[in-house]
Amino acid sequence: WSANIPSTPPTFTAAGEQLSVVPSFRYLGSILSEDNTIDNEVQNRIKQASAAFGRLRRRVFQNKNLHLRTKVCVYQAICITTLLYSCKAWVTYSRHIRALEQFHIRCLQRILGITWRDRVPHSEVLSKTNCRSIEATITQHQLRWLGHVVRMASNRLPRRVLYGQLHHGRRSAGGQKKRYKDQLKTALKKCKIRPEALEDAAADRNTWRQLCRDGTQMLEEERKARRQERRLRRNTPTVAVATATTYTSPTCNRICGSRIGLFSHQRTHR
């Protein structure tokens, strides 16, 4: 909608009764917003998963008679399933991944009985619990759903929406909102899957599942390598190297150690 034209709220009636216009509402367990973002949905998923984790905390996660593997299996079956409900259709930004990762790591730390004071890296927390990051999990779910949609018949609604294009209208200038197709292209690029070979690879279900597992495993390894590199760069002390280049003022022959110092000194002669 143009900013100069005031938008009028639409009118919907059901059984002769007019429905109220609201900024967001719940549909099939998910929260749909008027701005087509998943900010409210992510916060709601975190609240639901946190409540599920809290109900099982004393009986399962803090129970010393249970093995760590059992606790992690219960956590993945209940909390992760609640956290990533309907993530196949999400269009995520870095802020969404960051919030979900923080909740995921916090839960795993409580299962392991460690706190931030122990200074255990997140990669080590994931390695001890044999879990993957939220980014890799969402990517695998979306790729598997993409293969399922590609294998659908051409008259099915999900396939028609995925391959559909708008006949009228154009995108405005400036930064654009990420579309679901952009999300899928990014997931394919991260997993080293060529988009032009998508239909041939997704035709066989077993082959596509193995391709998704290999791609997300590669994504997880690259993510760990990047975090390890940042950690080493952050913890490695940097030594300032003195430069032998000097700059002489043409006015008073004063020697300056840097070009910006020479520029500042030249202003005094104006």
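Bear in mind the structure is a predicted one, so any value in this text is a computation, not a measurement.

Draft legend 1. Highlighting helix H10 (residues 205–235). For H10, built from 31 residues, the straight-helix expectation of 45 Å at 1.5 Å per residue is met to within 8% by its first-to-last C-alpha distance of 45 Å. Of all the positions in H10, only Trp208, Cys212, Gly215, Thr216, Leu219, Glu220, Arg223 and Arg231 are classed as buried.

Draft legend 2. Molecular detail of helix H4 (residues 94–112). Between its first and last C-alpha, H4 extends 27 Å over 19 residues, near the 27 Å set by a 1.5 Å rise per residue. Every buried residue belonging to H4 is among His96, Ile97, Leu100, Glu101, Phe103, His104, Ile105, Cys107, Leu108, Gln109 and Ile111, and all of these are buried. Buried residues along H4 sit in contact with helix H1 (39–55), helix H2 (57–61), helix H3 (68–83), helix H5 (122–129), helix H6 (134–150) and H10. Positive phi shows up at glycine 113, right after H4, with a value of about 80°.

Draft legend 3. Seen up close, the pairing of strand S3 (residues 24–27). As paired strands, S3 and strand S4 (residues 30–33) are joined by four bridges and run antiparallel to one another. Within S4, the position partnered with tyrosine 27 by the bridge is serine 30. Counting the residues between successive antiparallel strands, the hairpin from S3 to S4 contains two residues, one of them, leucine 28, with a positive phi of roughly 55°.

Draft legend 4. View of the pattern of salt bridges. Applying the stated criterion across every chain yields a total of 10 salt bridges. Measuring nitrogen to oxygen at the nearest pair gives 3.6 Å for the salt bridge that ties lysine 128 to glutamate 124. One end of the pair, lysine 128, and the other, glutamate 124, are both in helix H5, four residues apart, so they sit about a helical turn from each other. Across the salt bridge formed by glutamate 135 and lysine 190, the nearest N and O atoms sit 2.7 Å from each other. Here glutamate 135 is found in helix H6, whereas its partner lysine 190 is found in helix H8 (residues 180–190), with 55 residues between them in sequence. Taking the relative accessible area as the measure of exposure, glutamate 135 reaches 16% and is therefore buried. Judged by relative accessible area, which is 29%, lysine 190 ranks as partly exposed.

Draft legend 5. Inspection of a nonpolar patch on the surface at higher detail. A grouping of Val22, Phe25, Tyr27, Leu28, Leu32 and Tyr85 is seen on the molecular surface, where their side chains present a nonpolar patch of about 600 Å² in accessible area. The residue tyrosine 85 is located in the loop between H3 and H4 in this model.

Draft legend 6. Up close: the packing of H4 against H5. One can describe the packing of H4 onto H5 by two numbers: an axis separation of 10 Å at closest approach and a directional angle of 60°. One element, H4, and the other, H5, form an angle in the oblique class. The chirality of how H4 crosses H5 is left-handed. Side by side, H4 and H5 meet where His104, Ile105, Leu108, Gln109 and Leu112 of the first sit next to His122, Val125, Leu126, Lys128 and Thr129 of the second. In the contact of H4 with H5, the residues fall into five nonpolar, four polar and one charged.

Draft legend 7. Expanded view of unusual backbone geometry. You will see that alanine 15, though not glycine, has its phi angle at about 55°, which is positive. Along the chain, alanine 15 turns up in the loop between strand S1 (13–14) and strand S2 (17–18). For alanine 15, a relative accessible area of 88% translates into the label exposed. Located in the positive-phi region is asparagine 253, a residue other than glycine, with phi close to 60°.

Draft legend 8. The environment of valine 149, seen in detail. Tracing the backbone shows valine 149 in helix H6. Residues in contact with valine 149, not counting those within four places in the same chain, are Pro158, Arg159 and Leu162.

Draft legend 9. Fine view of the packing of H6 against H10. In the contact formed by H6 and H10, the axes pass within 9 Å of each other and the chain directions differ by 160°. Viewed along their axes, H6 and H10 adopt a mutual orientation that is roughly antiparallel. In this structure, H6 crosses over H10, and the sense of that crossing is right-handed. Here Glu135, Ala136, Thr139, Gln140, Leu143, Arg144 and Gly147 of H6 lie close against H10, whose contacting residues are Trp208, Arg209, Cys212, Arg213, Thr216, Leu219, Glu220 and Arg223. Considering only residue class, the contact of H6 with H10 consists of five nonpolar, four polar and six charged.

Conventions and cut-offs
- Residue positions are counted from 1 within each chain, in the order its sequence is given.
- Two thresholds apply to this predicted model, a pLDDT of at least 70 for residue-level local features and 80 or more for giving and counting side-chain atom pairs, whereas whole-chain, interface and lining totals are computed over all residues.
- Note: side-chain values were computed over all heavy atoms of the structure, leaving out hydrogens and water.
- Secondary structure elements are taken from DSSP: a helix is a run of H or I of four residues or more, a strand is a run of E of two residues or more, and numbering for both begins at the N terminus.
- Take the residue count of a helix, subtract one, and multiply by 1.5 Å to get its expected span.
- Relative accessible area decides the class of each residue, using a 1.4 Å probe on protein chains only: under 20% of the type maximum gives buried, over 50% gives exposed, and in between gives partly exposed.
- Here a residue-residue contact requires only that any non-hydrogen atoms of the pair lie within 4.5 Å.
- Whether two strands pair comes down to DSSP finding at least two bridges between them.
- Take a side-chain nitrogen of Lys or Arg and a carboxyl oxygen of Asp or Glu: if they are within 4 Å of each other, that pair is a salt bridge.
- Patch membership requires more than 30% relative accessible area and the absence of a salt bridge. Residues of like charge join within 9 Å; the nonpolar side chains Val, Leu, Ile, Met, Phe, Trp and Tyr join within 5 Å.
- A 1.4 Å probe and the Shrake-Rupley method give the accessible areas. Residues count as covered only by the protein chains that appear here.
- Helix axes are fitted only over the stretch in contact, all axes being lines through C-alpha atoms; the angle between N-to-C directions runs from 0 to 180 degrees.
- Should an angle fall under 35 degrees it is called roughly parallel, over 145 degrees roughly antiparallel, and 65 to 115 degrees roughly perpendicular, with every other angle called oblique.
- Helix crossings fall into two classes, left-handed where the near helix is turned counterclockwise from the far one by less than a right angle and right-handed where it is turned clockwise.
- In this classification, the charged set is Asp, Glu, Lys and Arg, the nonpolar set is Ala, Val, Leu, Ile, Met, Phe, Trp, Tyr, Cys and Pro, and all remaining amino acids, among them Gly, are polar.

By themselves, these observations are geometric and do not establish any function.
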